[in-house]
Amino acid sequence: MNLFKKSNGKPKAPTPAVDEERRSFLHKVGLGGLIAGLAGFGLQSFRSLIPNVLYEPPRKFKIGHPSMLAEGMTFLEDKRLYIFKEGKSFYAISAACTHLGCTVKYTKLNQPKSVEIDGEKKSVPFEFHCPCHGSKFYADGTNYAGPAPKPLHWYKLEVAPDDGQLVVNMSDEVEKNFRLTV
């Protein structure tokens, strides 16, 4: 029994049909690899545009017990938020100007002025003034002067059921003149 065949020294030439199949197969494998590589590169490039972690402060946070807040206005500088306490009712108005986002300043008026807001006569004891571009807002956040296109935002206040603290939800805007009564 002979395990090895003796060759005559000439390699056996593949037939043209087998050669064409091999070329077609290798062409398909190469093209598939190229498409898979480009797809992987494209997905990774797109994925790099989406951050893994958002470094934003929480939009819902506690500000303390209602009894701890002073009567009148409290400014939370790090949140750019005004909290107002009038007896047992509370409300929150954004301190970010609706023009370009500058922090508006609370301005107490020497004498309350009488203005017409949404068809109602109201007495306004204070206003908000934007130091950047001169926008002015009435006490309820309604814009009346300057380039600000919209009123200041009002945010929802609620009482935390676990410890009774006031909770501001800056993701949930409410209508102006919303009040939380505790």
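Residues numbered from 1 in each chain as written. Predicted model: local features only at pLDDT ≥ 70, side-chain atom pairs only at ≥ 80, totals over all residues. Heavy atoms only, no water.

J.: Teacher, can you tell me more about the environment of G101 here?
T.: By secondary structure assignment, the location of G101 is in the loop between β4 (89-94) and β5 (105-117). Taking the C-alpha atoms as reference, G101 lies 27 Å from E71; in sequence the two are 30 residues apart. Residues within four places of G101 in sequence aside, it is in contact with R80 and A96. (Helix = DSSP H or I, 4+ residues; strand = E, 2+ residues; numbered from the N terminus. Contact = heavy atoms within 4.5 Å.)

J.: What should I look at first to understand the side chain of N169 in this one?
T.: With respect to the helices and strands, the residue N169 is situated in strand β10 (residues 166-174). In this structure N169 comes out as buried when scored by relative accessible area, which is 14%. Aside from chain neighbours lying at most four places away, what touches N169 is R59, K60, Y155 and K156. (Buried < 20%, exposed > 50% of the residue type's maximum accessible area, 1.4 Å probe, protein only.)

J.: Can you help me understand unusual backbone geometry in this one?
T.: Of note, R80 is a non-glycine position whose phi angle comes to about 50°, a positive value. Inspection of the secondary structure puts R80 in the loop between β2 (72-76) and β3 (81-86). Residue classification places R80 among the partly exposed residues on the basis of a relative accessible area of 30%. Positive phi, close to 75°, is recorded for N177, a residue that is not glycine. Position of N177 relative to the elements: it lies in the loop between β10 and β11 (180-181). The exposure class of N177 is partly exposed, given its relative accessible area of 38%.

J.: How do you make sense of the state of the cysteines when you look at a structure like this?
T.: Simply put, disulfide is the name for a covalent bond between the sulfur atoms of two cysteines. Across all of its chains, the model carries 1 disulfide by this definition. Covalently, C102 is tied to C132 through a disulfide, its sulfur atoms 2.1 Å apart. On the S-S bond that ties C102 to C132, the torsion sits near -110°, and the link is left-handed. Taken as a pair, C102 in the loop between β4 and β5 and C132 in the loop between β6 (120-129) and β7 (136-137) lie far apart in primary sequence, 30 residues in all. By relative accessible area, C132 is classed as partly exposed at 41%. Left unpaired, C130 is separated from the closest cysteine sulfur, that of C97, by 3.8 Å. (Disulfide = S-S within 2.5 Å.)

J.: Help me out: how do you make sense of the pattern of salt bridges in this one?
T.: Opposite charge on two side chains lets them pair, provided their charged atoms get close. Applying the stated criterion to the full structure yields 8 salt bridges. Between D140 and K176 there is a salt bridge, and its shortest N-O distance comes to 3.3 Å. Note that D140 is positioned in the loop between β7 and β8 (143-145) and K176 in the loop between β10 and β11, a separation of 36 residues in sequence. Among the residues examined, D140 registers a relative accessible area of 8% and is labelled buried. Note that D172 is salt-bridged to K156, the shortest N-O span being 3.9 Å. A residue pair is termed long-range when its members are at least 10 positions apart, and D172 in strand β10 and K156 in strand β9 (residues 154-159) qualify at 16 residues. One salt-bridge network, held together by shared partners, links K60, K156, E158 and D172. (Salt bridge = Lys/Arg side-chain N within 4 Å of Asp/Glu carboxyl O.)

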